[in-house]
Amino acid sequence: MENDLEPVHYSVLYREIISFFLSVFDKDRELLFLDGTAGEGGHSLLLLEQFPNSKLVLVDRDSVMLSRAQTRLSAYSSRVIPIEANFSDLDSEFLNGFGVSNPPDGILLDLGISTFHLLHAGRGFSFRENEPLDMRLSSSGGISAEDVINTYPEKALSKIFYEYGEERWTKKIVEAILERRRHSRIGYSGDLAQLVSRVIPRKFWPPGRHPATRVFQALRIEVNQELLHIEIGVKKLLDLVAKGGLLQVISFHSLEDRIIKNLFRDYARGGEAKLLTKKPVLPSDAETKENPASRSAKLRVIHKSLPTDTEEEEEDEEE
């Protein structure tokens, strides 16, 4: 590969991810990888290039993203098995239905939202454009962000913003939303972003971030039930990954990372796996300069094999 693993588009922590896989697997082995959050296929492309005899199960809940990833990986189509699904659906019985009978040797989850969703999906993920407040990652329907903003009662909205967004201005934001929807429906991302910006005094805006970032994060988590899917999905993938295999997960905020940390720790304590990351791996300074969006990424890795010693893994410090 040209330029030593340089991707066509940026894939977060790609050097570290490939390094962990290479530390366990011979690159010429016939392996089965599973990318449970394909996005635009950046990480999958790296895996197919670095492991030339491997096959890869390509999974995404969004049919648009899955199609984009397949196009990007078209040169390797004979080695790719595409599946439109949420990674929380994946177990051996589900994969058998798609002709995948062997457990994956390596599994990767990147829980971050793609640049395409933020800039081009037109579903209201970003406050940079005035788009319909949708935020659904799946094409199979379900409640939209517009429904949440305009129909959830005060307590439910407050719970979402405080717990999922860790937003300190929750009370005033919810009051402003309730007042606004007495007169008109909030239907566009730009309208919601402006409302939040007016509520939070400028001196309290987070440096380098839009003041509505936490509210938008909270809405996306609620609409797509992201934390529930992480809890269910990572448990399934810990059971699914082959003996001797690796499960790697990238998260982007503390709520996600806490779930992954606890699930990995508990699984390792059962004696069936060893943590390769007692603390999460963070992007290098060079990576964050190259791609500022990677600054909040955290990578945790677990090896599905018996630990080499009997010492209990140390507790991670809270980030």
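Note that this is a predicted model, so its numbers are computed, not measured.

Cut-offs and rules
Residues numbered from 1 in each chain as written. Predicted model: local features only at pLDDT ≥ 70, side-chain atom pairs only at ≥ 80, totals over all residues. Heavy atoms only, no water. Helix = DSSP H or I, 4+ residues; strand = E, 2+ residues; numbered from the N terminus. Buried < 20%, exposed > 50% of the residue type's maximum accessible area, 1.4 Å probe, protein only. Core = buried A, V, L, I, M, F, W, Y, C linked by side-chain atoms within 4.5 Å. Domains from an automatic or database assignment. Contact = heavy atoms within 4.5 Å.

> Which parts of the structure should I look at to understand unusual backbone geometry?
Excluding glycine, a negative phi dihedral is what most residues carry, and trans is how most peptide bonds are arranged. Residue L13 is not a glycine yet carries a positive backbone phi of 55°. Here L13 lies in the segment before α1 (14-24). A positive phi angle is found at Q225, which is not glycine, with a value near 50°. For Q225, the location among the structural elements is in the loop between α10 (213-224) and α11 (226-240). Its relative accessible area of 32% is what places Q225 among the partly exposed residues.

> Got a minute to help me understand the nonpolar core in this structure?
Counting residues in each nonpolar core, the largest one holds 64 residues, and the members touching the most others are F161, I173, I177, L192, L247 and F264. In terms of residue count, the dominant contributor to this core is helix α12 (residues 254-269) (seven residues). Residue assignment places this core across two domains, with domain 1 (14-115 + 226-317) and domain 2 (120-224) each supplying three or more. Residues in contact with F264, not counting those within four places in the same chain, are V234, L238, L247, V249, L275, R300, V301 and I302. Counting residues in hydrophobic clusters, the runner-up holds 30 residues, among them L13, F25, L108 and V281.

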